Amino acid sequence: MGEVRSQRLQVLPPYLFVEIDRKKRRAIEAGRDVIDLSIGDPDKPTPKFIREHMARAIEDPANHRYPLEVGVPAFRQNAAAFVQHRFGVTLDPQTQIMAVIGSKEGLAHLPLAVVNPGQVVLVPDLGYTVYYAATIFAGGEPYRMALSEKNGWLPDLDAVPADVCRRARLMYLNYPNNPTAAVADEHFYRRVVDFARRHDIIVVQDAAYSEVYFESRPPSILEVPGAVDVAVEIHTLSKTFNMTGWRIGFAAGNAEVLAALAAVKANIDSGQSNAIQAAAAEALAQADHVEVKAMLDIYRERRDVLVPGLADSGFDVRKPQATFYVWARCPKGLASMEVAGRLLDEADVNMVPGIGFGEPGRDYIRAALTAPVDRVREALHRIARIKW
Ligand SMILES: *Cc1c(COP(=O)(O)O)cnc(C)c1O
């Protein structure tokens, strides 16, 4: 057999976390007590009221059959009610809401639905690696919009060259942002909608962290008047409800874009299990449940321990207003690969080097607030002993 991997796989950028992952595994195998602050996956279980609803839903034979790829009506109605309650935006659950198998699935399939080969996709640099890969899979041409601390980790739309704007079909955004924890305000979203209208670009905003916030509630791009003409926002139950393993989310916004996405899904998957959709519908209906809100207090406590501790060890870091990530500039101008390597070697602490998300992250590391607070304290204790 010759080369097995398709060209589209071969041109994907190398996975930069491989080396760190290997080091981590070796350390654990050697019996070292590694404190893992690298994982973007909630450490607490799914709230009990959701698990109980799932237990009941699994007994209903209607839930054992093929789902509709757009999602069951109850799930879509509750998603629309959630968007109304949370953002004050009214959407038609029939045409402007659609279930996805986790936001990753929707984000990854969208270019197949709306991008022709050779068309440009505007991809934030740095960002979640799926946007770039999905563009390549669809034969699109990624254009990296550089994010920088100076611009509050928002892309500079005026910096996108005119010929790129002409050929662009789709723009990815992600706020609140992984990995930088930046939040976009309505003013920025207004500029995005205006830009998209002028250049006939579809906007897909990844809202995975819209409900993980500590101060003011992050807005939705759909709050901007006319946003549904150009934008789709992808929401997920994963981070909000500790449901990463359940694989359920929804796309909200432009009906034509959603119909195109549904057409792709009809040929690839058949949607998420009706039982999971039933449990997720219940979760959305009770998004203000004490068990859900309690998670924010847990992340806040960890944040308020980790951030000052990292600052004391020479990292340049501010408290994130949203997401469960802490994004810190490395001490003494050191590169993120070196710092992540030394954190593991000298402190048995695992964090993600910012370079793994893109070149603008080269001097930063990302820590996730997904470990218990006593482990965070222990990590800081060990980090304080490193001589940078
Ligand atoms: C975790 C994460 C996702 C994936 O969410 P799923 O709904 O579990 O697929 C999407 N985008 C970002 C930025 C994430 O961090």
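Preceding this section is the structure that the text describes.
A brief report on the enclosed structure follows.

Cut-offs applied
Residues numbered from 1 in each chain as written. Predicted model: local features only at pLDDT ≥ 70, side-chain atom pairs only at ≥ 80, totals over all residues. Heavy atoms only, no water. Axes fitted to C-alpha atoms, helices over the stretch in contact; angles between N-to-C directions. Helix = DSSP H or I, 4+ residues; strand = E, 2+ residues; numbered from the N terminus. Parallel < 35°, antiparallel > 145°, perpendicular 65-115°, else oblique. Contact = heavy atoms within 4.5 Å. Nonpolar A, V, L, I, M, F, W, Y, C, P; charged D, E, K, R; others polar. Pairing = 2+ DSSP bridges. 1 Å grid on protein atoms, 1.4 Å probe; cavity = no way out; pocket = protein on both sides within 12 Å on 5 of 7 lines; lining within 4 Å. Points joined across faces, edges and corners; volume = space filled by probe spheres on them. Near = heavy atom within 4 Å. Polar contact = N/O pair within 3.5 Å; in protein donor to acceptor, adjacent residues only side chain to side chain. Areas by Shrake-Rupley, 256 points an atom, 1.4 Å probe, with all protein chains shown as cover. Sits in = over half its atoms within 2 Å of the grid points. Phe/Tyr/Trp six-rings, centres within 6.5 Å; stacked < 30°, edge-to-face > 60°. Buried < 20%, exposed > 50% of the residue type's maximum accessible area, 1.4 Å probe, protein only. Lys NZ or Arg CZ within 6 Å of the ring centre and 35° of its normal. Left-handed = near helix turned anticlockwise from the far one by under 90°.

Quick look at the packing of helix α11 (residues 290-312) against helix α13 (residues 373-383)
It is at 9 Å that the axes of α11 and α13 come closest, and there the two elements cross at 5 degrees. With respect to their mutual orientation, α11 and α13 come out roughly parallel. Contacts from E301, R302, V305, L306, G309 and L310 of α11 reach α13 at V373, V376, R377, L380 and I383. When grouped by side-chain class, the residues that make up the contact of α11 with α13 number seven nonpolar, one polar and three charged.

Some details on the sheet that holds strand β10 (residues 325-329)
One open sheet accounts for four strands, arranged β9-β10-β13-β12; its pairing is antiparallel. Edge positions in the open sheet fall to β9 (316-317) and β12 (352-353), since each of these has one partner strand only. The pairing of β9 with β10 spans two bridges and is classified as antiparallel. Within β10, the residue paired with V317 across the bridge is A328. Each of β9, β10 and β13 (364-368) is contacted by α11, which is oriented at about 10 degrees to β10, the strand it contacts most.

As for the layout of surface pockets
A volume near 1,300 Å³ is recorded for the largest pocket. Along the walls of the largest pocket sit 49 residues, with Y15, F17, Y128, T129 and F357 positioned nearest its centre. Every element with two or more residues in the lining of the largest pocket is listed here: α2 (18-29), α5 (103-114), β3 (120-125) and α6 (130-137). Sort the elements by how many residues they give to the lining of the largest pocket and α6 lands first, with four residues. Class assignment of the residues belonging to the lining of the largest pocket gives a composition of 24 nonpolar, 14 polar and eleven charged.

Focus on the site of the ligand
Within the structure, the ligand sits among 14 residues, and S103, D206, T236, S238 and K239 are positioned closest to it. The separation between an oxygen atom of the ligand and a polar side-chain atom of S238 is 2.6 Å. At 3.2 Å from an oxygen atom of the ligand is found a side-chain nitrogen or oxygen belonging to K239. Calculation on the ligand without its partners gives an accessible area of 390 Å², and the protein chains cover 94% of this total. Of all the cavities here, the one that holds the ligand is the largest pocket.

Here's the deal with the packing of aromatic side chains
We describe a pair of aromatic rings using the distance from one ring centre to the other and the angle between the two ring planes. Under the counting rule described, the total for this entry stands at 15 aromatic pairs. Taken together, a centroid distance of 5.4 Å and an interplanar angle of 70 degrees make the contact between Y209 and Y325 edge-to-face. One end of the pair, Y209, is in the loop between β6 (202-206) and β7 (231-236); the other, Y325, is in strand β10, and 116 residues separate them in sequence. Note on Y209: relative accessible area 2%, which makes it buried. Relative to Y325, the ring of F324 has its centre 5.1 Å away and its plane inclined at 70 degrees; by these criteria the two rings are edge-to-face. Given a relative accessible area of 0%, F324 falls into the buried group. With a relative accessible area of 2%, Y325 lands in the buried category. Above the ring of F214, the side-chain terminus of R303 is found at 4.6 Å from the ring centroid.

Side note on the sheet that holds strand β5 (residues 168-174)
Taking strand neighbours across the sheet as the criterion, the seven strands line up as β2-β8-β7-β6-β5-β3-β4 in an open arrangement whose pairing is mixed. Of all strands in the sheet, those with a lone pairing partner are β2 (97-100) and β4 (141-146), marking the two edges. Strand after strand, the sheet turns through a mean of 25 degrees between neighbouring axes, direction not considered. Inspection of the sheet shows β5 paired to β6 by five bridges, in the parallel sense. Looking across to β6, one finds that Y172 is bridged to V204. Each of β2, β5, β6 and β7 is contacted by α5, which is oriented at about 170 degrees to β5, the strand it contacts most.

Focus: the packing of helix α3 (residues 48-57) against helix α10 (residues 274-285)
Running from N to C, α3 and α10 point in directions that differ by 145 degrees, and their axes come no closer than 8 Å. Handedness of the α3/α10 crossing: right-handed. Taking contact as the criterion, the partners of F49, I50, H53, M54 and A57 in α3 are, on α10, A275, I276, A278, A279, E282 and A283. Residue composition of the contact of α3 with α10, by class: nine nonpolar, one polar and one charged.

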